[in-house]
Amino acid sequence: MDRVNFTINGKPHSVGRETCSDLSLLEYLRVRCELRGTKYMCREGGCGACVVAAARPGEKQGAVNSCLVSVTSCQDWEITTIEGVGNRLKGYHPIQKTLAKLNGTQCGYCSPGWVMAMYSLLKSNKDISMLEIEKSFGSNICRCTGYRPILEAFKKFASDAPKPDNYMLDIEDLNICKISGKTCRKSNCSESEWCLVEAHDAKEHQKIEIDLKDGRSFSKVYHIDDIFEVLKQKGDDDYMLVAGNTAKGAFPILEYPRVLIDICCVDELKGYHLDQNLVLGAGCTLNDTIEIFKKLAATEDNFWYLQKLQEHLQLVAHIPVRNLGSVAGNLMIKHKHNEFQSDVFLLLETIGAYMTILDSNKQEKKVTIREFLKVDMRSKVILNILLPPLGHDYQFESFKVMPRAQSAHAIVNAAFLYRLDSSSTVKEARIVFGAINPTFVHASKTETFLRGKKLFTNKTLQDSIEVLKTELVVEENPPEPSAKYRNKLAINLFYKGLLALCPDDAVDSQFASGGIVLSRKRPVSKAKQDYTTNPLIYPLNKPVEKVEALIQCAGEAPYSEDLPSCPHEVFGAFVLATVPKGDIDKIDSSKALKHPGVIAFYSADDIPGVNGFTPGLFPKIDYLYLTKEELFCSGSVKYNGHVIGVVVAETRSIAEYAAKLVHVTYKNVTKPVLDVREAMKFPDRKKKAGEHDGTSAGGNLFKLIKGQQAIFAQQHFCMETLVSVAKPTEEGLEVHCTTQHMDLVQMMISRALKMPENKIDVIVRRLGGAYGLKISRSSQVAVASALVAHKLNRPCRIILPFTTLAKAVGKRLPCYSEYEIAVDLFGKIQLCKEFLYMDTGHVIDEPLFLPVLDVYNNCYDKLRWIFLVFSVITDTACNTWCRSPGTLEAIAAVEFILERVAYEMSLDPLTVRLVNLNLTDIELIEMVEKVKHDADYAKRRAAVDKFNKENRWKKKGLRWSLLKWAPFYGQYFDVTMSVYNDDGTVSITHGGIEMGQGLNTKAVQIASHFLGIPMEKIQIKANHTHMTPNSLVSGGSLTSINVGIGVQRCCEILLARLAPLKVGLLNPAWELLVKLAYKASIDLQAHAFVSLFDTQKYEVHGVTLAEVEVDILTGEWELLRVDLLEDAGMSISPSVDVGQVEGAFIMGLGYWTTEHMVYDSDTGEVLTDRPWNYHVPQARDIPQDFRVYFKDKSYSEVRTLGAKSIGEPPICMSVVVPLALREAIASARRDAGKALNEWFQIDGPYTREAIHMHTETDCSDFKFKKKVNPFPF
Ligand SMILES: Cc1cc2nc3c(=O)[nH]c(=O)nc-3n(C[C@H](O)[C@H](O)[C@H](O)COP(=O)(O)OP(=O)(O)OC[C@H]3O[C@@H](n4cnc5c(N)ncnc54)[C@H](O)[C@@H]3O)c2cc1C
Ligand code: FES
Ligand code: FES
């Protein structure tokens, strides 16, 4: 057979020799089938946007990452995509409807992936609890919502969901077999049929052999003999056994080898049996393995330990990867990349497993898991794994410390197996650590030392730690956490393991809690959204479902890259500089151009007009752009990742591959200055950007505190990256691109191509998240695609891969503040002098300092605050707007200053804040009182203090942050409203870009309110520069309000025109009124313009209280509860606004804790350029209890219908998390002997590493009992 056959949504598909080895199922779905409901971002199994459901031969339907699956691996698969789950024709699925109804979508780009993951989960297991559901989504990222509404929607389908909210009954399409009681894919099933054996299990499969288009050979085999047969025929010099094909998510494959042999259906590699050992087929997927382990742990006494193994395995990747990824595949990654911190290897080696390796002569060899690392695996297959029975005299414990709760490889993983006699004396010990160095496996010396020792004594503990220290040689491995931390972690996990296994009577209670893994006891999360509404003005102020929520959940809402393939389309990929700073000597594109499928390479010399993607001083508004940034580097490389040119090819993968073939030589290369703290020392890198003088100073100087604080960059991490599709048209160009600023795109294309603006149409339907990234940075991609389209007269699509984005494009700006603050006895500020240094990257383009100038002192005594802000140049990509740009950084700096005053003076941090409030911000006092009451503060404060006294290795923190935020600029937007005479429906076109903030929903609510017609009658149209020219940036949490002003104006214009008609007609129906108006020749289209004259000035206040619990031994922690009160004015759409608050707070949570940017200090290269190593928060990182309150009876301005900005202020309150963490750390430091008022400095995010390294934990303090009884008998 030379074709691979499968079905998609029930329809047969087939691929063969026309296919290339790198054609993924994702690309097949989107490009070949034009099923663009399935989205994507990372293409390495790290984001979940691409999840589809697949039933593989003989297996239950489950989620898979379509980006990891080669289409050639899909033989006999039944694939279901979002289009097949529910749609506008056949009706929407209950999961889609529930997610939409509960506001589980914002930008909606991630939504199809979530729906598919949940759909697959329910297909594979109907009887699933709320907790299991919450644990099941390590696979999916949502950058907008903060996860709470998604989890809430999905938990409705849990078997233990509270009635009557339990939606399980709605799942009519889940077929439960009458015979087996399990889910089943068959539509009909007679009683006599075997349900668990599918027809294709029984049929004899034919080997598949395909000579692929790109010169590779693909074989799908069903028997082990055939593997060796293929290798014999085709050679074993360059081959890969394709099992789940997921390893490339961990270690990317740039080019597949010459020979591909798909072994995922080889029977001999599947299943298990028990002889003396458990014999597990090496081809078992990780999820099958978990199921087998669960079953045997419950039934086989000597395999009790499998329960612990399966719990640990559930922390390996996530469900879709575990559905495909095999045990053998995992071990082979470790074989090839010894540094890989494989959890499978760790567990199997610890329990003393063996594996059987089969060679081409059919010789079987049994080796230990560790010995396997040394075996030459060429032409060999891992057949099975042998797991030994272990009696109850063995004890097992394992740990995996990760940068976030789920879906991340280990910082350090560790497993321990002890065989003890009845007096806890060690007969045998096996201690294995991962992520130490590529060759480290066992702590052999410690194992030997422990033999014959009583395990749970202080002496054994201390002595064995001394031995362990001698053999742990931890190596640096950037961007992984430091060797120093990993070294400590390994020792601490050794202690933690003993605490976990220690009998209760052998350990003091204050130490015992050190053995607990916080995430294991995390309950089902809960939440509350507390606001009042006014039904009299509904649909204004009404909590409604977002207007596009359902189509987003169904994959029917198109984004820029969903534009169907255009005839003759080409693809572009950027070529990036690989040196930190220097001059281009020569660009040699000849090798790339010779590569089959490559069409062209364009650099700065090929641009007919201006080489730029930002304009320099913006012609209309002086606060948007200051300096022109080059489209392609014209000679002087400013940072590693600087865009040098674009390679154009027939396919995306060829373009990306060929971009790496462009050879650039450089001269005058110098070491980069990457850190703002370093850069500010050079006068020519520093420029004063603004200042404020205090007007008075107090005279009661009690204490003077000097300090500094650095915070670093944050990647926007939009689920939709930067994309542009430019198409030649009869006039000029049509450009579909991911921009928040269409006018900029149109203007810069016009300048670059010397093409009049009126010949360029820019179209945006919606964005898949933006957070400021797409204000200016998208213009570079758009202008480049327009250049290619113009040059070749062919449509050009450029999709920036996440890795390119991370290297080439700027981020949230790092900041450094220095301050001197004089306070009186009560912590009241007498004078504060603060210098803020903002790292703009290699050029000062966007004036990121501007928003700061209104809020530099947050809500504290402005009169006594002297403030200077500087822009500082570093050798990095030009930083850009990022959710609450500048304001987050400035407000956080102030909150740290106030916290420090309280800390050093042993004062209550809340009291210190309140005594320093501005008179204009005293509404915060009332807000604080509300949170105190609603959050039961006094009781919880006492409980935290008590907890911290009673526990040495677990600590809690409970802290406040206060907020004053102000919008800082105005916008230009055209709004056009059209009423259709026949049915009275209304369409609106406006210049604001919908990117998840709910702008369109609010516009519809406002129109519905003023026109007095149902929301369903109103439709928002796509953005088009033809209809909405000159629109200013959508951003700054202003767009909804400004578009709302325009919509209101249009309504008023129309109503004024209709008013004379109404006279005499008694309350006419809208439809009739419109018809009559048409007959009376009344213009049914209205236009409004919103401009800088509509700029509003108001302030947004907020109060947040957060409680955390920290594992002092590891730096892991849980966010126990957050109470956040914000003054949202009179929210136009409260449920949308709650979503903005939660999403912003969680983005801030990531910024402060898990999102750690790492650069190579020599080359300036961004090392955290993949979801594999850049960790945004996930569903199990959010607060266990998240309560959001809107201030009651608040109203902003008439012009804004009483509403206030919503999307940005809450991220500024996320600083409460590091503040709470500080309290927990401080408590541990006190126990370690540090003075409680000795300030400790943590720059950048409070990662596991930063937290632990500041706790002053010393292993000499490790013990079981504080005082050892000298007379134990
Ligand atoms: C997002 C993500 C997160 C991850 N997180 C973790 C984690 O936290 N911890 C962890 O341990 N792992 C993690 N992994 C790795 C994951 O477990 C592996 O990708 C998976 O187990 C590989 O199995 P596979 O069947 O897909 O291998 P494939 O990709 O199909 O193959 C990998 C290699 O194994 C060889 N091979 C496969 N089967 C055999 C066989 N029977 N005999 C000989 N050679 C064989 C192949 O030739 C190939 O070289 C993660 C992976 C991803 C994508
Ligand atoms: S695109 Fe497949 S997981 Fe991200
Ligand atoms: S709604 Fe999830 S990423 Fe935007």
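Everything below is about the structure printed above this text.
In this text the structure is predicted, and so the values were computed from the model without any measurement. (Residues numbered from 1 in each chain as written. Chains lettered and ligands numbered in written order. Predicted model: local features only at pLDDT ≥ 70, side-chain atom pairs only at ≥ 80, totals over all residues. Heavy atoms only, no water.)

## Here we look at the pattern of salt bridges
The cut-off we apply is this: Throughout this description, the term salt bridge denotes a Lys or Arg side-chain nitrogen within 4 Å of a carboxyl oxygen of Asp or Glu. Counting from the N terminus, the helices are DSSP H or I runs at least four residues long and the strands are E runs at least two residues long. Burial classification: accessible surface area is computed with a 1.4 Å probe over protein chains only, and a residue below 20% of its type maximum counts as buried, one above 50% as exposed, and the rest as partly exposed.
One pass over the full model with this rule turns up 82 salt bridges. Linking Glu720 and Lys774 is a salt bridge whose minimum nitrogen-to-oxygen distance equals 2.7 Å. Of this pair, Glu720 sits in the loop between strand 26 (703–711) and strand 27 (723–728) while Lys774 is found in helix 25 (residues 773–792), placing the two residues 54 residues apart along the sequence. A residue is classified by how much of its surface remains accessible, and Glu720, at 1% relative accessible area, is buried.

## Some details on the nonpolar core
Heads up, the condition is: We call a set of buried residues a nonpolar core when its members are Ala, Val, Leu, Ile, Met, Phe, Trp, Tyr or Cys and they connect through side-chain atoms within 4.5 Å of each other. Throughout, a residue-residue contact means that at least one pair of heavy atoms, one from each residue, lies within 4.5 Å.
By size, the foremost hydrophobic cluster in this structure holds 302 residues, and its most contacted members are Tyr418, Phe433 and Phe494. Here Phe433 is in contact with Leu346, Val412, Asn413, Ala414, Phe416, Phe440, Val441, Ala443, Leu468, Leu472, Ala490 and Phe494, once residues within four sequence places are set aside. Membership of the second largest hydrophobic core comes to 45 residues, among which are Leu347, Ile351, Phe396 and Val432.

## Here's the deal with the site of ligand 1
To keep things clear, this is the line we draw: If a single non-hydrogen atom of a residue is within 4 Å of a molecule or strand, that residue counts as near it. Whenever two N or O atoms come within 3.5 Å, that pair is a polar contact, provided that in protein one can donate a hydrogen and the other can accept it, and provided that, for residues adjacent in sequence, both atoms are side-chain atoms. Each accessible area is a Shrake-Rupley estimate made with a 1.4 Å probe; only the visible protein chains count as cover when residues are assessed. Note on residue categories: nonpolar means Ala, Val, Leu, Ile, Met, Phe, Trp, Tyr, Cys or Pro, charged means Asp, Glu, Lys or Arg, and polar means any other residue, Gly included.
Near ligand 1, the surroundings consist of 35 residues, among which Asn245, Thr246, Ser326, Asp343 and Lys400 are the closest. Contact between ligand 1 and Asp343: a nitrogen atom at 2.7 Å from a side-chain N or O atom of the residue. Between Ile382 and ligand 1, the recorded distance is 2.8 Å, taken from a backbone N or O atom to a nitrogen atom. Isolated, ligand 1 exposes 970 Å² of accessible area, and the fraction of that covered by the protein chains is 95%. Within the residue set of the shell around ligand 1, elements represented by two or more residues are strand 8 (239–242), helix 9 (247–250), helix 12 (319–324), helix 13 (327–336) and strand 14 (380–387). Classifying every residue of the shell around ligand 1 gives 20 nonpolar, eleven polar and four charged.

## Side note on the sheet that holds strand 15 (residues 394–401)
The strands making up a sheet are joined through hydrogen bonds of the backbone, oriented either antiparallel or parallel. The condition is simple: Pairing between strands is defined by DSSP: at least two bridges between them are needed. Convention adopted: a line fitted to C-alpha atoms gives each axis, helices being fitted over their contacting stretch, and angles between N-to-C directions are expressed from 0 to 180 degrees.
Sheet architecture is open: three strands sit in the order 15-16-17, paired in antiparallel fashion. The sheet is open, and its two borders are formed by strand 15 and strand 17 (426–434), each paired with just one other strand. Sheet twist, expressed as the average angle between the axes of neighbouring strands with direction ignored, equals 5°. Bridge count between strand 16 (residues 412–420) and strand 17: eight bridges; the pairing is antiparallel. Counted as the bridge partner of Leu420 is Val426 from strand 17.

## Observations concerning a nonpolar patch on the surface
Test applied: Patch definition: residues with relative accessible area over 30% and no salt bridge; like charges joined within 9 Å; nonpolar side chains (Val, Leu, Ile, Met, Phe, Trp, Tyr) joined within 5 Å.
Together, Phe702, Leu825 and Phe826 make up a nonpolar patch on the protein surface, roughly 350 Å² of accessible area in all. You can see Phe826 is positioned in the loop between strand 31 (815–823) and strand 32 (829–841).

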